[in-house]
Amino acid sequence: MRTMKRVAAVALSVVVLMTSGVSAKAAVTDVQPAKNSSEAVLKWAKKVGEPFDEKTYANNTVSKIKLVGNYLYVADDAKHRIMKIDKKDGTILKEQKYYDESYIQGYVSSIGYGDGKVYVGYDNGRVQAFDENTLESLWITDENKNAINADFVFTNGKLYFGTTAKTTDWYDNGAPFSYYVVTTSDDDKTKPDEEKTMKKVVESKTGKFYLKKGVVLGKYIVISDTAGTLTMIDTTNDKVTDTKDIGEAFSGNITYDEMTGTIYFVAGTNDLYGIKVSADGKLKDEKKVRLYETGYSATTPEVYNGKVYVSGSKGKAFQDKGYMAVADVSSDKYKVNYTVELSNYSQCEPTIVKTGENSVRVYFTINDEPGGIYAIEDSKDATSATLETVYEPTGDIKNTGCMSNVVVDEDGTIYFANDSKYIMSVGKKVEDTTKSDIITVKPVTKTVKSTRSVKLTWKKKKSAKGYVIYAKAGKGKYKKVTTVGKKTSKTIKVNKDSSYKFKVKPYKLTKKNKKKYFKAYAAKAKFGSKTVKVTFKNVTGYASYKVQMKAGKAAYKTVKTTTKGGTITYTKKKAKVGTTYKFRLKGINKVNGKTVSVVIK
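Scope of this entry: the structure provided in the associated data block. (Residues numbered from 1 in each chain as written. Predicted model: local features only at pLDDT ≥ 70, side-chain atom pairs only at ≥ 80, totals over all residues. Heavy atoms only, no water.)

1. Quick word on empty space enclosed by the protein
- For the structure on display, the rule yields one cavity of 30 Å³ or more.
- The volume enclosed by the largest cavity comes to roughly 30 Å³.
- If you go around the largest cavity, the residues you meet are Gln105, Ser109, Ser110, Gly121, Ile148, Asn149, Ala150 and Phe152.
- Taken together, the residues of the lining of the largest cavity sort by class into three nonpolar, five polar and no charged. (1 Å grid on protein atoms, 1.4 Å probe; cavity = no way out; pocket = protein on both sides within 12 Å on 5 of 7 lines; lining within 4 Å. Points joined across faces, edges and corners; volume = space filled by probe spheres on them. Nonpolar A, V, L, I, M, F, W, Y, C, P; charged D, E, K, R; others polar.)

Written out as structure tokens, the structure is:
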């Protein structure tokens, strides 16, 4: 696929317009994936398409990955299909053909999700919706004269997307191109080919919406075209509330910082922009800083804690070095803290992993051989960083191109794809216990132990120096419990599932300090409160944990929250005798800004 990219870049007078590798919004998460190559392990690699063919170009396109719950969704032009893949082992669970087997997605295609549906856009200007469970077709839009080759945005029952030139018209500007909306409801459930009408919202006079994606800001969406025009759309009525022309070519996408109400993007010669957005959908104050004095950027930034992380090229596409920039946008004057040189530039949106109160690890792919995953560490006062290799594929899955986002799930597993047409799942090594390099992970174990307190009292024996306490469970034999001094009472704990009898054996000390025992006799027992203790071992991989308890037929309730893994315990005191108590453990992470909880088994 690299050959095609170079042909396209040479053919265009404005390289930046046609080499955009922007992608869907990446995560800011506190999940902890593998941090370097010594921790990373390939869990599985699944081939889902065919290698690039210069004669057919887009006919072998594989879409970006969409992760939804336990499944990955991806479309493949080689077999004209959409697939539902089990994220645990890469098994293709279901697949469905496109509406027409002559349809293709076009170059670097997107795939969308929302309203229980998966969406694919075609080169002939149509969008098709599939049921997320069955992958059966639900509807398809009317035809547009331009290709659907922008990222999808779903919000409030509507799907938003833009158009660009068809693959067959690759060198034709073909303006004007437009941004559309369609309602996602399945209005006629008897027709899998029900035709939906798309509505034009914005028309670009001189640019395209090639790989562009709108960003949702409350009830608004902000979108950009490649000519540098920003447009605010009110999603309640799909009316334009404001536009702003920045006067520079703009191939990347936008990110939004909700804390400051600011959108960020890179345009022109590596110019990082920050533009305030008002509550009424207006584009306000503008600031910018140059990240690098030559080259360009066609990528999407990520913003976190007053810093923007974004990549760019130092010169020509696929020929010159790239960089990953860290810019401080916390004050009125933006500044570049530092840049890290890359072998080429990263065409994905960075994924930010929080590693401490003021530290992060930034994950990304690089569009260069071998098509792997990389990271840098950044902290509050950092002035430099070292490029860290997280995972580099080998053999058939090695490739010269990679524009994929680093998609991280709630368990810290990474999913990505490169031009080899393989989807890869990269996990974290927990323990290497054998010489054959087999990676084993200790399973989480749970034990529940119920006890009941018993206060024992007994008659004092004259001249006794101490007493040995014995207990008998049910029809079993007496067993030693403990030894006490001259006192005549002791509270002990016993397994609550048995009936018990108790006795004590007094003793005195001989001149040689040896124990001489008297005859044993019964001790009186007064049973007290019951306790139930649960223990979870080998717990790891989450930002925090919740121990939940269920008493009898009641619902589960959270009884303990902790951020420490390893061994987690909880004791229910004053439990009711005769009541069954059940426990479970939930792991909590933030993925894509949302809190995700998973029952750990």
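Here the narrative resumes.
2. Overview of the nonpolar core
- Tyr363, Ile373, Tyr391, Ile414, Phe416 and Val426 are the most contacted members of the largest nonpolar core, which totals 18 residues.
- Only strand 31 (373-379), strand 32 (388-391), strand 34 (414-417) and strand 35 (422-428) provide two or more residues apiece to this core.
- The leading source of residues in this core is strand 35, at three residues.
- Excluding its chain neighbours within four sequence positions, the residues that come into contact with tyrosine 391 are Ala40, Leu42, Gly372, Ile373, Ile397, Phe416, Met424 and Val426. (Core = buried A, V, L, I, M, F, W, Y, C linked by side-chain atoms within 4.5 Å. Buried < 20%, exposed > 50% of the residue type's maximum accessible area, 1.4 Å probe, protein only. Helix = DSSP H or I, 4+ residues; strand = E, 2+ residues; numbered from the N terminus. Contact = heavy atoms within 4.5 Å.)

3. Some points on the sheet that holds strand 38 (residues 445-457)
- On the basis of which strands lie adjacent, the open sheet formed by four strands has the order 41-38-45-48 and antiparallel pairing. Looking at which strands have only one partner, the edges of the open sheet turn out to be strand 41 (489-495) and strand 48 (566-575). The average angle at which neighbouring strand axes cross in this sheet is 25°, direction not considered.
- Pairing between strand 45 (residues 524-539) and strand 48: seven bridges, direction antiparallel. Each bridged residue has a counterpart across the sheet, and for valine 534 the counterpart in strand 48 is tyrosine 570. (Pairing = 2+ DSSP bridges. Axes fitted to C-alpha atoms, helices over the stretch in contact; angles between N-to-C directions.)

4. What about the pairing of strand 4 (residues 71-76)?
- Counting buried residues in strand 4 gives five out of six residues, a clear majority hidden from the surface.
- Bridge count between strand 3 (residues 66-68) and strand 4: three bridges; the pairing is antiparallel. What sits directly across from leucine 67, in strand 4, is leucine 72.
- As consecutive antiparallel partners, strand 3 and strand 4 are separated by two residues, and within that stretch glycine 69 has a phi angle of approximately 60°, a positive value.
- One ladder, built from six bridges, connects strand 4 with strand 5 (residues 81-86); its direction is antiparallel. Bridge assignment links aspartate 76 to a residue of strand 5, and that residue is arginine 81.
- The hairpin turn running from strand 4 into strand 5, its antiparallel successor, is four residues long, and histidine 80 in that turn takes a positive phi close to 50°.

5. Comments concerning unusual backbone geometry
- A cis geometry characterises the amide bond from glutamate 369 onward to proline 370, with omega recorded as 10°.
- Relative to the assigned elements, proline 370 resides in the loop between strand 30 (359-365) and strand 31.
- With a phi angle near 55°, asparagine 270 is a residue other than glycine that sits in the positive phi range.
- Its place among the elements puts asparagine 270 in the loop between strand 22 (262-267) and strand 23 (271-277).
- Phi at asparagine 538 is positive, roughly 65°, even though this residue is not glycine.
- Among the secondary structure elements, asparagine 538 is positioned in strand 45.

6. Section: the environment of serine 346
- Structurally, serine 346 is set in the loop between strand 28 (335-342) and strand 29 (351-356).
- Between the C-alpha atoms of serine 346 and methionine 403, which are 57 residues apart in sequence, the distance is 7.2 Å.
- Every residue in contact with serine 346, bar those within four places of it in the chain, is listed here: Thr299, Ser311, Met324, Phe364, Thr365 and Ile366.

7. Comments concerning the layout of surface pockets
- Roughly 1,100 Å³ of volume is contained in the second largest pocket.
- When residues of the lining of the second largest pocket are traced back to their parent elements, those giving at least two are strand 2 (40-47), strand 35, strand 45 and strand 50 (594-600).
- Its residues placed into classes, the lining of the second largest pocket shows 15 nonpolar, eight polar and ten charged.

8. Structural notes on the environment of glycine 395
- Position of glycine 395 relative to the elements: it lies in the loop between strand 32 and strand 33 (407-408).
- Sequence separation of glycine 395 and proline 370 is 25 residues, and the distance between their C-alpha atoms is 9.6 Å.

9. Examining the sheet that holds strand 17 (residues 215-217)
- Taken together, four strands build an open sheet; the order of strands is 17-18-19-20 and the sheet is antiparallel. Taken across any chain shown, the strands that pair with only one partner, and hence form the sheet edges, are strand 17 and strand 20 (239-245). The average undirected angle you get between the axes of adjacent strands in this sheet is 25°.
- Here strand 19 (residues 229-234) runs beside strand 20; their pairing, made up of six bridges, is antiparallel. Note on strand 20: the bridge partner recorded for threonine 229 is aspartate 245.

10. Digging into the packing of aromatic side chains
- Under the definition given, this model contains 21 aromatic pairs.
- Taking the centre distance of 5.5 Å and the plane angle of 15° together, the rings of tyrosine 292 and tyrosine 323 count as stacked. Highlighted residues: tyrosine 292 in the loop between strand 24 (283-290) and strand 25 (302-304) and tyrosine 323 in strand 27 (residues 322-328), separated in sequence by 31 residues.
- Of the residues examined, tyrosine 323 reaches a relative accessible area of 0% and is grouped as buried.
- Taken together, a centroid distance of 6.5 Å and an interplanar angle of 50° make the contact between phenylalanine 502 and phenylalanine 527 tilted. Residue phenylalanine 502 is located in strand 42 (residues 500-509), and its partner phenylalanine 527 is located in strand 45; the two are separated by 25 residues in the primary sequence.
- Clustering of aromatic rings is evident, with ring pairs tying together Tyr119, Trp139, Phe152, Phe161 and Tyr180.
- The side chain of lysine 84 reaches across the aromatic face of tyrosine 71, ending 4.2 Å from its centre. (Phe/Tyr/Trp six-rings, centres within 6.5 Å; stacked < 30°, edge-to-face > 60°. Lys NZ or Arg CZ within 6 Å of the ring centre and 35° of its normal.)

11. A closer look at the pairing of strand 13 (residues 158-164)
- With seven of its seven residues buried, strand 13 lies for the most part within the structure.
- Taking every second residue as pointing to the same face, both faces of strand 13 are buried, with Lys158, Tyr160, Gly162 and Thr164 on one and Leu159, Phe161 and Thr163 on the other.
- Bridge count for strand 11 (residues 147-148) against strand 13 is two bridges, and the pairing is antiparallel. Considered in strand 13, the bridge of alanine 147 is made with threonine 164.

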